[in-house]
Amino acid sequence: MAEERKSIHGTWSSRWTFILAATGSAVGLGNIWKFPYMAGDNGGGAFVLVYLACIAVIGLPIMLGEIMIGRRGRSSPANTMKALAVEANTTPAWSLLGATGALAGLLILSFYSVAAGWALSYVFNGFQNITAESSTTSFNDLLSSPTSLIFWHTLFLSITVFVVARGILDGLEKWINTLMPMLFVIVLLLCLYATQSGAFIQGIIYLFQPDFSKITPEVMLEALGQAFFTLSLGMGAIMAYGAYMPANQNIGKTAISVAALDTGVALLAGIAIFPIVFANGLAASEGPGLVFVTLPIAFSSMPLGVFFGTLFFVLLSIAALSSSISLIEPGVAWLIESLKIKRITATLLLGFVAWFLGLFSALSFNLLSEFTIFGKNFFDATDFLTNQIMLPLGGIFIAIFVGWVMKKENVLEELDVEENFIFKFWYFSIRYISPVMVGCVFLYFFI
Ligand code: TRP
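Explain the overall build of the chain to me, using residue names and the numbers behind them.
Looking only at helices and strands, the chain features 18 helices and zero strands. Relative to the compact-globule value of 22 Å for 447 residues, the chain shows a C-alpha radius of gyration of 21 Å, a close match. Based on the C-alpha atoms only, the size of the chain along its principal axes is roughly 65 × 45 × 40 Å. When burial is assessed residue by residue, the chain has 60% of its 447 residues classed as buried. A separation of at least 24 residues holds for 83% of the contacts in the chain among residues at least 6 apart in sequence. Taken as a whole, the chain presents about 17,400 Å² of accessible surface, with 69% of it coming from carbon and sulfur.

Given below as structure tokens:
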């Protein structure tokens, strides 16, 4: 029976495509740019430990839930939630969860595109004769130029819109298939370089030795938010991709592969970056510029560095692209289904909104730096609102929906499993552990 339902937007051509697309969505700036700087801002090991725990205990069960919901509903997250709520004889208002998710996606895309613009501009960095000082200066120069930031932001968002407008089901596969493994190899290469940097052990200790006194409510909320962000959870991205998943694919194994690959890339990025930070006397708490300041130093002093540096930032931009696509797709699919408009119209419309909001993020580093919301500039405020509030909140509701609203027999049917030990364990996590833990972190933070 499950075999008969198909999304109007199509289906991935093979099982491998879903894994690639979901990994493409998960692996992006979140792993290579955000994870290292957040770990650095929050004192290293303690943050990493909480982050890993959040991935395993909260993120993974919810990822499974999201894929399962998506595949059962076979439409955009908003319409999927509505259909499954009706199937479970409850209020169709659950579609609001999909709608707010689509909104969160646009908000994330607005600042994500600005940071992806940095990566794009670094393709032309040159990677020669770079010192710790000159690297810091060039990054600050970039931030202080409204025209450069807006130019790169506009370019990145235009590429995203172009790809999504053409439809994501065919184009994506060919690209990710070769480029993602290449990015992985360069990150490994950087790790190798880091072992020669003279501060390798120091970097590893920083990253993996937890100082429990550093675990504060803020660190917990940041680690939780980062776990959602890096796995692309809580707003329907993975749900939208799940809608295009073949019916005979094993959801559990798939979710584990995606989460493991994503976590692996983030940890490798950390292992590559911190030794370079310490070897060059930079501050681990450098902030959003961390990767952009440290890696050029490494590239400029390694053999074939110009080649590897350029290639790295090309691949990073593409990894960001395969993520940004999944930020806009839930909204696009929803508009197509509800308003019966063309894909290109829907994409242009939402792309424009994200672009416009992104202008404020770009300007928050220069012209609008004085303008703050709760002490954060626009870029950081959007980041906080989405990653630390909207995604975990979305996660709670997804968990509640799977664990308490959907009928258990439907969940079992869609996962195509028996009620075995692993199922029971997962079902318990999604009913109790995930929502309660996220709730506790919220309470702990706000009280
Ligand atoms: N996970 C991506 C990254 O790490 C970003 C991303 C893509 C995302 N889609 C998402 C984050 C949906 C949250 C929700 O770069």
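Residues and numbers for the packing of helix H6 (residues 132-144) against helix H13 (residues 290-300), please.
The N-to-C vectors of H6 and H13 enclose an angle of 140°; their axes lie 9 Å apart at closest approach. On the basis of the axis angle, H6 is oblique to H13. For the crossing formed where H6 meets H13, the hand is right-handed. Residue-level inspection shows Ala132, Ser135, Thr136 and Phe139 of H6 in contact with H13, the latter providing Phe292, Val293, Pro296 and Ile297.

Can you break down the site of the ligand residue by residue, with the values?
Around the ligand, 17 residues are found, and the nearest of them are Ala26, Gly30, Tyr112, Phe229 and Ser326. Taking glycine 30, its main chain carries an N or O atom lying 2.8 Å from an oxygen atom of the ligand. At a separation of 3.2 Å, a nitrogen atom of the ligand approaches a polar backbone atom of threonine 230. Isolated, the ligand exposes 360 Å² of accessible area, and the fraction of that covered by the protein chains is 100%. Given that more than half its atoms are within 2 Å of the pocket grid, the ligand belongs to the largest cavity. A breakdown of the residues in the shell around the ligand according to their chemical character gives nine nonpolar, eight polar and no charged.

Run through the environment of glycine 264, naming residues and quoting values.
You can see glycine 264 is positioned in helix H12 (residues 251-279). In this structure the C-alpha to C-alpha distance between glycine 264 and glutamate 66, which are 198 residues apart in sequence, comes to 21 Å.

Give me the lowdown on empty space enclosed by the protein, citing residues and values where you can.
According to the stated counting rule, one finds three cavities of 30 Å³ or more in the structure shown. Each pocket or cavity is described by its volume, and for the largest cavity that value is around 140 Å³. Along its surface, the largest cavity is lined by 17 residues, and Ser25, Phe229, Ser232, Ser323 and Leu327 are the ones closest to its centre. Those elements giving two or more residues to the lining of the largest cavity turn out to be helix H1 (15-26), helix H5 (95-122), helix H10 (217-230) and helix H14 (305-339).

So what's going on with unusual backbone geometry? Which residues, and what values?
You will see that phenylalanine 127, though not glycine, has its phi angle at about 50°, which is positive. Not every positive phi belongs to a glycine, and phenylalanine 374 is a case in point at roughly 50°. Structurally, phenylalanine 374 can be placed in the loop between helix H15 (343-363) and helix H16 (378-405). The exposed category is assigned to phenylalanine 374, whose relative accessible area is 84%.

Provide a residue-level description of the pattern of salt bridges, including the pertinent values.
Two side chains bearing opposite charge may form a pair once their charged atoms approach each other closely. In the structure shown here, the tally under the stated rule is eight salt bridges. For glutamate 414, the salt bridge is made with arginine 71, and the minimal N-O distance between the two is 2.9 Å. Residue glutamate 414 is located in helix H17 (residues 408-415), and its partner arginine 71 is located in helix H3 (residues 45-73); the two are separated by 343 residues in the primary sequence. With relative accessibility at 3%, the residue glutamate 414 sits in the buried group. Where arginine 72 meets glutamate 87, a salt bridge forms, and the shortest distance between an N and an O atom there is 3.0 Å. In this pair, arginine 72 sits in helix H3 while glutamate 87 sits in helix H4 (residues 77-87), placing the two residues 15 residues apart along the sequence. Looking at arginine 72, the relative accessible area reads 7%, which means it is buried.

Just give me the short version of the side chain of serine 110, but keep the residues and values in it.
Secondary-structure assignment places serine 110 in helix H5. Polar contacts involving the side chain of serine 110 include one to the main-chain carbonyl oxygen of leucine 107, which spans 2.7 Å. Apart from residues no more than four positions distant in its own chain, serine 110 is found in contact with His153, Ala354, Leu357, Gly358 and Thr382.

Could you give an account of the nonpolar core, with specific residues and numbers?
Trp118, Phe312, Phe313 and Trp426 are the most contacted members of the largest nonpolar core, which has 157 residues in total. Setting aside anything within four residues of it in sequence, one finds tryptophan 118 in contact with Trp33, Phe139, Leu142, Leu143, Leu149, Pro288, Phe292, Phe365 and Phe379.

Would you mind going over the packing of aromatic side chains in detail, with residue names and values included?
One pass over the structure, following the stated rule, counts 45 aromatic pairs. Centroid distance tyrosine 206 to phenylalanine 274: 5.1 Å. Interplanar angle 45°. Geometry classified as tilted. Highlighted residues: tyrosine 206 in helix H9 (residues 200-208) and phenylalanine 274 in helix H12, separated in sequence by 68 residues. Summarising the burial analysis for this pair, tyrosine 206 and phenylalanine 274 share the class buried. Over the ring of phenylalanine 229 we find lysine 34, and its NZ or CZ is 5.3 Å from the ring centre. Residue placement shows arginine 431 over the ring face of tryptophan 404; its charged tip is 3.9 Å from the ring centre.

About the criteria used
Residues numbered from 1 in each chain as written. Predicted model: local features only at pLDDT ≥ 70, side-chain atom pairs only at ≥ 80, totals over all residues. Heavy atoms only, no water. Helix = DSSP H or I, 4+ residues; strand = E, 2+ residues; numbered from the N terminus. Rg over C-alpha atoms; globule rule 2.2 N^0.38 Å. Buried < 20%, exposed > 50% of the residue type's maximum accessible area, 1.4 Å probe, protein only. Contact = heavy atoms within 4.5 Å. Areas by Shrake-Rupley, 256 points an atom, 1.4 Å probe, with all protein chains shown as cover. Axes fitted to C-alpha atoms, helices over the stretch in contact; angles between N-to-C directions. Parallel < 35°, antiparallel > 145°, perpendicular 65-115°, else oblique. Left-handed = near helix turned anticlockwise from the far one by under 90°. Near = heavy atom within 4 Å. Polar contact = N/O pair within 3.5 Å; in protein donor to acceptor, adjacent residues only side chain to side chain. 1 Å grid on protein atoms, 1.4 Å probe; cavity = no way out; pocket = protein on both sides within 12 Å on 5 of 7 lines; lining within 4 Å. Sits in = over half its atoms within 2 Å of the grid points. Nonpolar A, V, L, I, M, F, W, Y, C, P; charged D, E, K, R; others polar. Points joined across faces, edges and corners; volume = space filled by probe spheres on them. Salt bridge = Lys/Arg side-chain N within 4 Å of Asp/Glu carboxyl O. Core = buried A, V, L, I, M, F, W, Y, C linked by side-chain atoms within 4.5 Å. Phe/Tyr/Trp six-rings, centres within 6.5 Å; stacked < 30°, edge-to-face > 60°. Lys NZ or Arg CZ within 6 Å of the ring centre and 35° of its normal.

These figures come from the coordinates and say nothing about function on their own.
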